[in-house]
Structure formats: structure tokens, C-alpha cells
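Chain by chain, the residues run as shown.
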Amino acid sequence: MTIPGAIGASIVDYTTGFPVATTGAAPNADHEATAAGTADVVQAANSRSLFVSAIPHDLLEDLIITTAGGYHLLRVVQTEFDSRLVLYVWLDRVRGNLAVARRQMQRLADELVAT
């Protein structure tokens, strides 16, 4: 929640849709539904040939969904063993900065892997 403009955030196991950790608010006030939706979006992007690169090791990093009032940022946490986690941040469109949020999410994902 230290990302400027963050409304809510979670860490989601996108293979199960389970919210591993949550903080702040969630769209429709339901962190479990948000986690399930996050999992669906990541699985869809990973399984569609349109989004899967033919370049070796060119893995999905971020997904950004924009709405009139905010941004929904999804950052896949890349690990050497299974990469099942995704960071989700709901960002206020007026108070947040998309580029700054992406950088901070990248740093957080890297820190999660390092610990």
C-alpha cells in the first residue's frame, strides 16, 4: 500500500484463485472474488497463443486493465520453481501514476523472490 494511489492490493495464487494476502479495499468489497478474477485473467493471457511469445523465455510480466476510475495492475512473480503467484494492485486513476506503480510492483516481486 506504499504505492501512491493504491486502493487495495493482494497476492494471488493464480492456479487456484486463492488470495494469499490482501490489504486495503477490493472492487465490490470482495477480496476473494477479486483474487478469482485475477486468476482467470492471468490464466487466459497465459493460455492464448495471441499472448504467448514464440521467443524462448519471453514470459508474461504485467497485465494492465484500465477503467474510468482506476487501473488494475497484475504482476506475475517469476520464480525458478513454479511462478504461481501474481501481485494485484488497484490504483486510483487520479492519485496514482501507472509508470511508478509498475516499477514499484516489479521491485516488490523481486523482493518476494529474494526472501
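Relevant structure appears above.
Below is a short write-up of the structure. (Residues numbered from 1 in each chain as written. Predicted model: local features only at pLDDT ≥ 70, side-chain atom pairs only at ≥ 80, totals over all residues. Heavy atoms only, no water.)

## Describing the pattern of salt bridges
- Counted according to the given criterion, the structure contains five salt bridges.
- Between Asp13 and Arg84 there is a salt bridge, with the nearest N and O atoms lying 2.3 Å from each other. Placement of the pair is Asp13 in strand E1 (residues 6-13) and Arg84 in the loop between strand E4 (70-76) and strand E5 (85-92), with a sequence separation of 71 residues.
- With its nearest N and O atoms 2.5 Å apart, the salt bridge here joins Asp62 to Arg102. Of the two residues, Asp62 sits in strand E3 (residues 62-66) while Arg102 sits in helix H2 (residues 98-114), which places them 40 residues apart along the sequence.
- Overall, Asp62 belongs to the buried group, its relative accessible area being 19%.
- Residue classification places Arg102 among the partly exposed residues on the basis of a relative accessible area of 35%.
- The network of salt bridges with common partners includes Asp62, Arg75 and Arg102. (Salt bridge = Lys/Arg side-chain N within 4 Å of Asp/Glu carboxyl O. Helix = DSSP H or I, 4+ residues; strand = E, 2+ residues; numbered from the N terminus. Buried < 20%, exposed > 50% of the residue type's maximum accessible area, 1.4 Å probe, protein only.)

## Quick word on the environment of Ala114
- By the element assignment, Ala114 lies in helix H2.
- When the C-alpha positions of Ala114 and Pro19 are compared, they lie 21 Å apart, and in sequence the two are 95 residues distant.

## A short note on the nonpolar core
- Core analysis: the largest hydrophobic core is formed by 13 residues, its most contacted members being Ile3, Leu73, Leu87, Val89, Leu91, Ala101 and Met105.
- For this core, the elements supplying multiple residues, two or more each, are E1, E4, E5 and H2.
- Ignoring anything within four residues of it in the chain, the contact list for Val89 reads Ile3, Ala6, Gly8, Ala9, Tyr71, His72, Leu73 and Met105.
- Membership of the second largest hydrophobic core comes to 12 residues, among which are Tyr14, Ala39, Leu63 and Val86. (Core = buried A, V, L, I, M, F, W, Y, C linked by side-chain atoms within 4.5 Å. Contact = heavy atoms within 4.5 Å.)

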